[in-house]
Number of protein chains: 2
Amino acid sequence: MGIDRRVVRTRTALYEALLSLIRRKHYELITVEEILAEANIGRSTFYAHFTSKDDLLKRSLERLRDLLVTAKDRTISAALRQEGEQAWDPSRALFEHVAEHADIRSALTGGRGGGIVRDAIDDVLAEVLRQSLPATMDATLPRDLVIRHMVSTFNAVLRWWLEVRPETTPREADAAFRKLVLHGVPPEACRPFIMTA
Amino acid sequence: MGIDRRVVRTRTALYEALLSLIRRKHYELITVEEILAEANIGRSTFYAHFTSKDDLLKRSLERLRDLLVTAKDRTISAALRQEGEQAWDPSRALFEHVAEHADIRSALTGGRGGGIVRDAIDDVLAEVLRQSLPATMDATLPRDLVIRHMVSTFNAVLRWWLEVRPETTPREADAAFRKLVLHGVPPEACRPFIMTA
DNA sequence: GAAATTTCCGAACATCATGTTCCGGATCGT
DNA sequence: ACGATCCGGAACATGATGTTCGGAAATTTC
């Protein structure tokens, strides 16, 4: 019981239909009927498996999370095995991963569509970080906040890359990301919004 | 011509109705009819002034932008007049401003509702920064990216504050914000996601 | 391989929000 | 006061969502 081949076929068909559509248009503009047409699935069948489009999205991204986690583990263990290599940086690997799937740009791009998808991906990234980052002892920078900050910085760099500087290479994007996270912004570039006492 | 009292009454009633509703529930869940009921405005009248709910939101936030700009100018000029004061930091003033209007929490909080509102507010903040920040000369950190990063960091701190640590004071939140923007995260807190060569 | 389940399809239906149209009456500027 | 403009309200078209149900088809089980 539990593993009727029809249900896994139905569900994966819907997962893939949604992800395929997300590459072509904004999530919010995708209609349930389009998903059904793309997946060749009946309307009532859809609602027998998922309660809504958002539900389908969430479960689709659970697959993506597993994918990310294994990718992260792979690059980290590769890093520990042979130090001094160049492909051992998870953050850079992530940028390169995105570069290979540049067709999901419209899913992350601003506007009406992006919000839910971005939030869901933020959650995935945050969970990955939560599993791999050490505990910090800095009282003024709680771990939760650091994680959120890294996620949001990653997203900021990523969107800047996709939206305003598409010609940037993954390694340049990663360099900017690391600089921002590790060293911040030069004080003279913040004035007078942030005054350094 | 141009300033018929009826139209300004209608529009401000709609602006305030929307902002009032936003304090109570998620933007996406607000229906046009609710806005009409709250503002006591007829349906056809609404569509005579705005093309959609999003249109109304955008124009509502233009008012907020003007408010922000003047507030920023005020604190900056106050800063230049009497140095060594304590209320001369625009970023801290912004956190304090938010603290006073804590009832918009649900508008910024995650989930389905927040996306569009957050994006719109991001735009406002980015525009304010664009007007006041100097040009940077750092080639690896373009101005656009710095602005986006500051906006997203502000949002990250703000949401962390509202969602996970509501008891934090504005000055603590601002301290964390400044630390993140100016100095970044200690390297040992990033490993092994970001490796420092 | 046949019986018994479980799932799928498809069409019809109810519901709800959006946006448009129209006109009598109210309100405004001058 | 008068002409121009705006407002209200109801009616309508549209389009997406989610539900229901009975017969057909696939799958598991034995």
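Scroll up a little and you will see the structure.
What you are looking at is a predicted structure, and each value in this text was computed from that prediction instead of being measured.

Participant: Explain the overall build of chain A here, please?
Facilitator: Helix and strand counts for chain A stand at nine helices and zero strands. Judged by the C-alpha coordinates and their principal axes, chain A covers about 65 × 40 × 35 Å. Counting the 197 residues in chain A, one finds 47% classified as buried. At a minimum sequence separation of 6, the contacts of chain A that also span at least 24 residues come to 61%. For chain A, the accessible area works out to roughly 10,100 Å², and carbon and sulfur atoms hold 53% of it.

Participant: Looking at this structure, I do not really get the packing of helix H8 (residues 143–164) of chain B against helix H9 (residues 170–183) of chain B. What am I missing?
Facilitator: Helix packing for two helices is described by the angle between their axes and how far apart those axes are. Residues and elements named next belong to chain B. Where H8 contacts H9, the two axes come as close as 10 Å, and the packing angle between them is 145 degrees. As for the relative orientation of H8 and H9, their crossing is right-handed in sense. When H8 is examined against H9, the residues Met 150, Thr 153, Phe 154, Val 157 and Trp 161 are found in contact with a partner set consisting of Pro 170, Ala 173, Phe 177, Leu 180 and Val 181. Residue composition of the contact of H8 with H9, grouped by class: nine nonpolar, one polar and no charged.

Participant: Honestly, the protein's contact with DNA strand D in this entry has me stumped. Any pointers?
Facilitator: Close to DNA strand D lie 22 residues, the nearest being Arg9(A), Arg6(B), Thr10(B), Ser44(B) and His49(B). In this structure, a phosphate oxygen belonging to DNA strand D sits 2.4 Å away from a side-chain N or O atom of Thr10(B). A distance of 3.0 Å separates a phosphate oxygen of DNA strand D from a polar backbone atom of Gly42(B). Among the secondary structure elements, those contributing two or more residues to the surface near DNA strand D are helix H1 (5–22), helix H2 (32–39) and helix H3 (43–49) of chain A together with helix H1 (5–22) and helix H3 (43–49) of chain B. Split into classes, the residues belonging to the surface near DNA strand D amount to six nonpolar, eight polar and eight charged.

Participant: Sorry, what's going on with the interface of chain A and chain B here?
Facilitator: Frequently, the measure chosen for interface size is the accessible area removed from exposure when the parts meet. With 61 residues of chain A at the contact, the number on the chain B side is 61 residues. When the two sides are added together, the surface that chain A and chain B hide from each other amounts to roughly 5,500 Å², 67% of it contributed by carbon and sulfur. Our enumeration of links across chain A and chain B arrives at four salt bridges. A salt bridge links Arg118(A) to Asp119(B), with the shortest nitrogen-to-oxygen separation between them at 3.1 Å. For the side of chain A that touches chain B, the secondary structure elements donating two or more residues are helix H4 (53–81), helix H5 (90–100), helix H7 (114–132), helix H8 (143–163) and helix H9 (170–183) of chain A. Looking at which element gives the most residues to the side of chain A that touches chain B, the answer is H8(A), with 13 residues.

Participant: Please clarify how the nonpolar core should be interpreted in this entry.
Facilitator: One recurring pattern in soluble globular proteins: nonpolar side chains tend to sit buried together. Ranked by internal contacts, the top residues of the largest apolar core, which has 70 residues, are Met150(A) and Met150(B). With sequence-adjacent residues up to four places away left out, Met150(A) is seen in contact with Leu129(A), Leu133(A), Phe177(A), Val181(A), Cys190(B), Phe193(B) and Ile194(B).

Participant: Any chance you could explain the packing of aromatic side chains here in plain terms?
Facilitator: Centre distance and the angle of the planes are the two values used to describe a pair of aromatic rings. Applying the stated criterion across every chain yields a total of 14 aromatic pairs over all chains. Geometrically, the ring pair formed by Phe46(A) and Phe50(A) is tilted, given 5.9 Å between the ring centres and 40 degrees between the ring planes. By relative accessible area, which is 0% here, Phe46(A) ends up buried. Residues Phe95(B) and Trp161(B) carry aromatic rings whose centres are separated by 6.0 Å and whose planes lie at 50 degrees to one another, so their mutual orientation is tilted. Of this pair, Phe95(B) sits in helix H5 (residues 90–100) while Trp161(B) sits in helix H8, and the two are 66 residues apart along the sequence. Here Phe95(B) matches Trp161(B) in class, with each residue buried. Across the ring face of Tyr27(A), the terminal group of Lys53(A) is positioned such that the distance to the ring centre comes to 4.5 Å.

Participant: What should I look at first to understand the protein's contact with DNA strand C in this one?
Facilitator: Not every one of the 22 residues close to DNA strand C is listed here, only the nearest: Thr10(A), Ser44(A), His49(A), Arg6(B) and Arg9(B). Of what DNA strand C places within 4 Å of the protein, 59% of the atoms are sugar or phosphate. The contact in question runs from a phosphate oxygen of DNA strand C to an N or O atom on the side chain of Arg9(B), over 2.2 Å. The side chain of Thr31(B) places a nitrogen or oxygen atom 2.9 Å from a phosphate oxygen of DNA strand C. The class makeup of the residues in the surface near DNA strand C is six nonpolar, eight polar and eight charged.

Participant: Honestly, the pattern of salt bridges in this entry has me stumped. Any pointers?
Facilitator: Should the charged atoms of two oppositely charged side chains come close, the side chains can pair. Counted under the stated rule, the structure contains 19 salt bridges over all chains. Between Arg24(B) and Glu38(B) there is a salt bridge, with its nearest N and O atoms 3.1 Å apart. Here Arg24(B), found in the loop between H1 and helix H2 (32–39), pairs with Glu38(B), found in helix H2; they are 14 residues apart in sequence, far enough to count as distant. Among the residues examined, Arg24(B) registers a relative accessible area of 53% and is labelled exposed. The class of Glu38(B) is partly exposed, set by a relative accessible area of 34%. For Arg92(B), the salt bridge goes to Glu96(B), with nearest N and O atoms at 3.1 Å. Here Arg92(B) pairs with Glu96(B), and both are found in helix H5, just four residues apart, close to one helical turn. Overall, the relative accessible area of 32% leaves Glu96(B) in the partly exposed class. The network of salt bridges with common partners includes Arg148(A), Arg159(B) and Glu163(B).

Participant: Looking at this structure, how should I read the relation of the copies chain A and chain B?
Facilitator: For these two chain copies, the linking operation is a rotation about an axis paired with a shift along it. Note on the copies: chain A fits chain B at an RMSD of 0.2 Å, the axial shift is 0.0 Å, and the rotation between them is 180 degrees. In the structure described here, the two chain copies are related by an operation that fits a two-fold rotation axis.

Participant: What am I meant to see in the environment of Asp144(B) here?
Facilitator: With respect to the element layout, Asp144(B) can be found in helix H8. The class for Asp144(B) is partly exposed, based on a relative accessible area of 41%. Considered as a pair, Asp144(B) and Ala17(B) are 127 residues apart in the sequence and their alpha carbons are 34 Å apart. Ignoring anything within four residues of it in the chain, the contact list for Asp144(B) reads Trp160(A) and Val164(A).

How each quantity is defined
- Residues numbered from 1 in each chain as written.
- Chains lettered and ligands numbered in written order.
- Predicted model: local features only at pLDDT ≥ 70, side-chain atom pairs only at ≥ 80, totals over all residues.
- Heavy atoms only, no water.
- Helix = DSSP H or I, 4+ residues; strand = E, 2+ residues; numbered from the N terminus.
- Buried < 20%, exposed > 50% of the residue type's maximum accessible area, 1.4 Å probe, protein only.
- Contact = heavy atoms within 4.5 Å.
- Areas by Shrake-Rupley, 256 points an atom, 1.4 Å probe, with all protein chains shown as cover.
- Axes fitted to C-alpha atoms, helices over the stretch in contact; angles between N-to-C directions.
- Left-handed = near helix turned anticlockwise from the far one by under 90°.
- Nonpolar A, V, L, I, M, F, W, Y, C, P; charged D, E, K, R; others polar.
- Near = heavy atom within 4 Å.
- Polar contact = N/O pair within 3.5 Å; in protein donor to acceptor, adjacent residues only side chain to side chain.
- Buried area = accessible area lost by both parts, 1.4 Å probe.
- Salt bridge = Lys/Arg side-chain N within 4 Å of Asp/Glu carboxyl O.
- Core = buried A, V, L, I, M, F, W, Y, C linked by side-chain atoms within 4.5 Å.
- Phe/Tyr/Trp six-rings, centres within 6.5 Å; stacked < 30°, edge-to-face > 60°.
- Lys NZ or Arg CZ within 6 Å of the ring centre and 35° of its normal.
- Least-squares fit on C-alpha atoms with pLDDT ≥ 70 in both.

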